[in-house]
Amino acid sequence: MKQAIITGFGNAEKISFQEVKTPQPQQNEVLVKVKAAGLNPKDILIRKGKFKLLTGIKTPQSIGFDFSGIIQDPNNKNYKKGERVFGMLNGMIGRSCAEYVNVSINELYKMPEEITFEEAAGIPLAGQTALQAIRDIGQIKKGESICINGASGGVGTIAIQIAKELGGNVTTISSSKNLSLCKSLGANNCISYDETIIINSKERFDIFFDVFGNYSFEKAKHLLSTGGIYITTVPSVEIIKEQIWNLFRTKKAKLIVVKSKMSDLRWLAEKLKSGKIKSIVDKIYSFDEIREAQKHIESKRARGKVILKME
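Colleague: Explain a nonpolar patch on the surface to me, and be specific about the residues and the numbers.
Modeller: Together, W245, L247 and F248 make up an exposed nonpolar region whose accessible area comes to about 440 Å². Of note, F248 is situated in the loop between helix 8 (237-245) and strand 14 (252-255).

Shown next as structure tokens:
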């Protein structure tokens, strides 16, 4: 089968392809024929060598965490051959940018019939990141306020919808050109960073969700209400230190480290099926165009998800 790999750490030209044997599912795994793969900033950071301590320094390394596809070998009683599924691989070594992938039964769920493979592939990592950040870490309650910084990207667009579904009052920060997109997804208040410097705002939020990663806790903490929570998606030495200091203050700093869970994929599937949330896809590339697709993510201009169509 054909599989995308990085041959070394660096720019997108380090991405190549190799032919490998189709994997065989092990215990508690299924074999999925991949129809679409979702790309994420995580893929870029790994390719640039930012997570060498977690991925190892040896290359080649395979690519990709999000997928949608068809069960090729169910290998257990929970699934049947031909069923449509979607999911996200745990860990730091991706494998979903390939024609086939072995997946733990805890990392996938049945895909709603109402959406396309491309739409489904854009949900697992972004959707579970937003859900676990807002519901589990932020513990948002009906009527509480949340500010989402970087609201027009893959995580941001789904975070708006999840926050609204959970009863939040949502403020978004994006470029001027994306204000209408954020509004259409349910945001109550849309702020353009081109026109407003949020750190000068007198508004206070119960949750500040920094998806984009350009506001530290130190910069944003005055925007939090008493007992408010700052959540970032970007790991750093700084956020690790801030979490230690949480023991001594009412305002908290948290890092979301997403984990793929069948129960969360089920929650997302139910919301997708009912139309309460939707997948926002910016661009669809062919498998052979993976270099161009990753470059588009690096431009930080994607509105929603960037997807590879495998066929």
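Colleague: Give a detailed account of the pairing of strand 3 (residues 29-39), specifying residues and quantitative values.
Modeller: When you tally the buried positions in strand 3, you get 10 out of 11 residues, the bulk of the element. Relative to strand 7 (residues 100-104), strand 3 runs antiparallel, the two sharing 5 bridges. In the sheet register, L31 faces strand 7, and the bridge partner there is N102. In terms of strand pairing, strand 3 meets strand 5 (residues 66-73) through 5 bridges, oriented antiparallel. Bridged to K33 within strand 5 is I70. As judged from the 4 bridges shared by strand 3 and strand 16 (residues 305-309), these two strands associate in the antiparallel manner. Paired with G38 across the strands is I307, a residue of strand 16.

Colleague: Describe the pattern of salt bridges, with residues and values.
Modeller: All told, the structure shown has 15 salt bridges when counted by the stated rule. A salt bridge links K295 to E13; its shortest N-O distance comes to 3.0 Å. With K295 in helix 10 (residues 290-298) and E13 in the loop between strand 1 (2-6) and strand 2 (15-19), the pair connects residues that are 282 residues apart, well separated along the chain. Owing to a relative accessible area of 40%, K295 belongs among the partly exposed residues under this scheme. Between E311 and K33 there is a salt bridge; the shortest N-O distance is 3.4 Å. With E311 in the segment after strand 16 and K33 in strand 3, the pair connects residues that are 278 residues apart, well separated along the chain. What makes E311 exposed here is its relative accessible area of 57%. Taken together, the shared-partner salt bridges connect K33, K35 and E311 into one network.

So, how was this worked out
- Residues numbered from 1 in each chain as written.
- Predicted model: local features only at pLDDT ≥ 70, side-chain atom pairs only at ≥ 80, totals over all residues.
- Heavy atoms only, no water.
- Patch = residues over 30% accessible without salt bridge, like charges linked within 9 Å, V, L, I, M, F, W, Y side chains within 5 Å.
- Areas by Shrake-Rupley, 256 points an atom, 1.4 Å probe, with all protein chains shown as cover.
- Salt bridge = Lys/Arg side-chain N within 4 Å of Asp/Glu carboxyl O.
- Helix = DSSP H or I, 4+ residues; strand = E, 2+ residues; numbered from the N terminus.
- Buried < 20%, exposed > 50% of the residue type's maximum accessible area, 1.4 Å probe, protein only.
- Pairing = 2+ DSSP bridges.

The quantities given are spatial measurements derived from coordinates; they are silent on function.
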